[in-house]
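# Residue-level structure breakdown
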Amino acid sequence: MSHKKLRQGIIKTCVEMNRSGLNQGTSGNVSHRIEGGMLITPTSMAYDKMHHDDIVEMAFDGTYTGKRLPSSEWRFHRDILKNRSDVNVVLHTHSIYCTTLATHERGIPAFHYMVAVAGGVDIRCSPYACFGTQELSNLALDALKDRTACLLGHHGLIVLADTFATAMWRAIEIESLAKMYVHALAIGEPPRLSDKEMAQVIEQMRRMSYGQAPDLDKVKDTPKTIDATIKKPVAKPTAPATNRPAAKPRTRRVAKPAPRTTAGRTK
Ligand code: 13P
């Protein structure tokens, strides 16, 4: 894609972030990988006023060109894109429910299977560090290990993706999960899915390229079965879910307040 198209993609994503309610004002930023660096939103500029030449071009050494100052969070955008070859897009927002959990230094545990959209059994929350600092960037990279999203303590959400569309999709799913988790907590700490159950979900998502919405007609314009189209079968679970011994194991899983161990500062 040309730089101009990528610049327009960044602006479109920012406008969509605010339109969808995922973000408010200018408390977010978006970058896209280019050869040797990235294109990134300028700092503190209203998205609906942004023109493609307001987007800043920055090399991985931190030097930049353009008529605007880069986002104050250029360090974590730069470090993520430099260290994660699987990522093209970094999206940051102060979405309300993710940030609500982050103010308690809580990540999102496996209370719902969709937590796997971030690539693992939980979505971590990093400890707090001041915005725009190298310390925050280092903490974010740690919290993102083997994941495509993390919360930032007392701050917000970071989502990683290969395309703008997937970044928005993932961010909206994670914000919805955070909302559900906050509501679930009103009744008490919800039981967790086990690592085995989450491994099955992760494998199922991998098989289906879940979240990619593949255009199957491009693959073959003939009748097809789901099993022939998706990737190789997942191992059968050892026991059908309905035979699972009822409440007992679930009760055990909630015995410890696990979010504190995966989700930031321990007291
Ligand atoms: P910028 O306007 O500098 O991108 O800052 C917004 C923000 O989210 C800081 O964390």
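About the thresholds
Counting restarts for each chain, with residues numbered from 1 along the sequence as it is written. The predicted nature of this model means local features are confined to residues of pLDDT at least 70 and side-chain atom pairs, given and counted, to a pLDDT of 80 or more, with totals for whole chains, interfaces and linings taken over all residues. The side-chain figures draw on all heavy atoms in the structure; neither hydrogens nor water molecules are used. Helix numbers and strand numbers start at the N terminus; a helix is a DSSP run of H or I with at least 4 residues, a strand a run of E with at least 2. Under the convention used here, a 1.4 Å probe and the Shrake-Rupley method define accessible areas, while residue burial counts only the protein chains that appear. We define proximity as follows: a residue is near a molecule or strand when any one of its heavy atoms falls within 4 Å of that partner. Two N or O atoms count as a polar contact when they lie within 3.5 Å, although within protein this holds only if one can serve as hydrogen donor and the other as acceptor, and sequence-adjacent residues are included solely when both atoms are side-chain atoms. Any residue outside Ala, Val, Leu, Ile, Met, Phe, Trp, Tyr, Cys, Pro, Asp, Glu, Lys and Arg is labelled polar, Gly included; the first ten of those are nonpolar and the last four are charged. To form a nonpolar core, buried Ala, Val, Leu, Ile, Met, Phe, Trp, Tyr and Cys residues must be joined to one another through side-chain atoms within 4.5 Å. Using a 1.4 Å probe on the protein chains alone, a residue whose accessible area is under 20% of its type maximum counts as buried, one over 50% counts as exposed, and one in between counts as partly exposed. In what follows, residue pairs with any heavy atoms lying within 4.5 Å of each other are defined as contacts. The score called pLDDT rates the predictor's confidence residue by residue, from a low of 0 to a high of 100. Sulfur atoms of two cysteines make up a disulfide when they are within 2.5 Å. In this scheme Phe, Tyr and Trp rings, the latter by its six-membered ring, pair at centre separations within 6.5 Å, and the angle between planes marks the pair as stacked below 30 degrees, edge-to-face above 60, and tilted otherwise. What makes two strands pair is DSSP finding at least two bridges between them. Fitting a line to C-alpha atoms yields each axis, with helices limited to the stretch in contact; the angle taken between N-to-C directions then spans 0 to 180 degrees. By convention in these notes, a salt bridge is any Lys or Arg side-chain nitrogen within 4 Å of a carboxyl oxygen on Asp or Glu.

This next bit is on the overall build of the protein. Scanning the protein from terminus to terminus reveals ten helices and eight strands. Surface exposure of the protein reaches about 14,100 Å², of which carbon and sulfur atoms provide 57%.

What follows deals with the site of the ligand. All residues adjacent to the ligand are Thr26, Ser27, Gly28, Asn29, Thr43, Ser44, Ser71, Ser72, Glu73, His92, His94 and His155. A distance of 2.5 Å separates an oxygen atom of the ligand from a polar side-chain atom of Thr43. Ser44 is positioned with one of its backbone polar atoms (N or O) 2.7 Å from an oxygen atom of the ligand. A per-class count over the shell around the ligand returns no nonpolar, eleven polar and one charged.

Formed by 44 residues in total, the largest nonpolar core has its most connected members in Met17, Val30, Ile108, Leu151 and Ile174. When near neighbours in sequence (up to four residues on either side) are disregarded, Ile174 contacts Cys98, Ile108, Val117, Ala118, Ile123, Ala149, Leu157 and Val159. The next biggest cluster of nonpolar side chains, apart from the first, holds 21 residues, and it includes Met38, Ile40, Met58 and Val87.

Quick look at the confidence of the model for the protein now. Of the residues in the protein, 79% have a pLDDT of 70 or more, and the chain-wide mean is 87. In this model, residues 237-267 is a region of pLDDT below 50 whose contacts with residues beyond four sequence positions or in other chains number 40 contacts.

Every disulfide links exactly two cysteines, by a covalent bond between their sulfur atoms. In total, this model carries zero disulfides according to the counting rule given. Considering cysteine sulfurs only, Cys125 is the nearest to Cys150, which forms no disulfide, with 7.8 Å between them. On the accessibility criterion, Cys150 (0% relative accessible area) is buried.

Another point: the packing of aromatic side chains. Under the defined criterion, the tally for this structure stands at two aromatic pairs. Judged by centre distance (6.1 Å) and plane angle (65°), the ring pair of Trp169 and Tyr210 falls under edge-to-face. Here Trp169, found in helix α5 (residues 164-185), pairs with Tyr210, found in the loop between α6 (195-208) and α7 (216-219); they are 41 residues apart in sequence, far enough to count as distant. On the accessibility criterion, Tyr210 (36% relative accessible area) is partly exposed.

Taken together, the eight strands give an open sheet; going across it, the order is β4-β3-β2-β1-β5-β8-β7-β6, and neighbouring strands pair in mixed fashion. Strand pairing shows two members of the sheet lacking a second neighbour, β4 (64-65) and β6 (125-126), which therefore form its edges. Along the sheet, α5 contacts β1 (28-34), β5 (89-93), β7 (149-152) and β8 (156-161); its crossing angle with β8, the most-contacted strand, is approximately 140°.

To continue, consider the pattern of salt bridges. Considering all chains together, one arrives at 13 salt bridges under this definition. Ionic pairing is found between Glu16 and Arg19, a salt bridge with its closest N-O pair at 2.8 Å. Taken together, the residues span about one helical turn, with Glu16 and Arg19 both in helix α1 (residues 3-19) at a distance of three residues. The exposed category is assigned to Arg19, whose relative accessible area is 60%. We note a salt bridge from Asp53 to Lys67, for which the minimum N-O separation is 3.5 Å. With Asp53 in the loop between β2 (37-40) and β3 (56-59) and Lys67 in the loop between β4 and α2 (74-83), this pair connects stretches of sequence that are 14 residues apart. Residue class for Asp53 comes out partly exposed when judged on its relative accessible area of 34%. Judged by relative accessible area, Lys67 falls into the exposed class, the value being 54%. Each of Asp53, Asp54, Lys67 and Arg68 takes part in one network of salt bridges that share partners.

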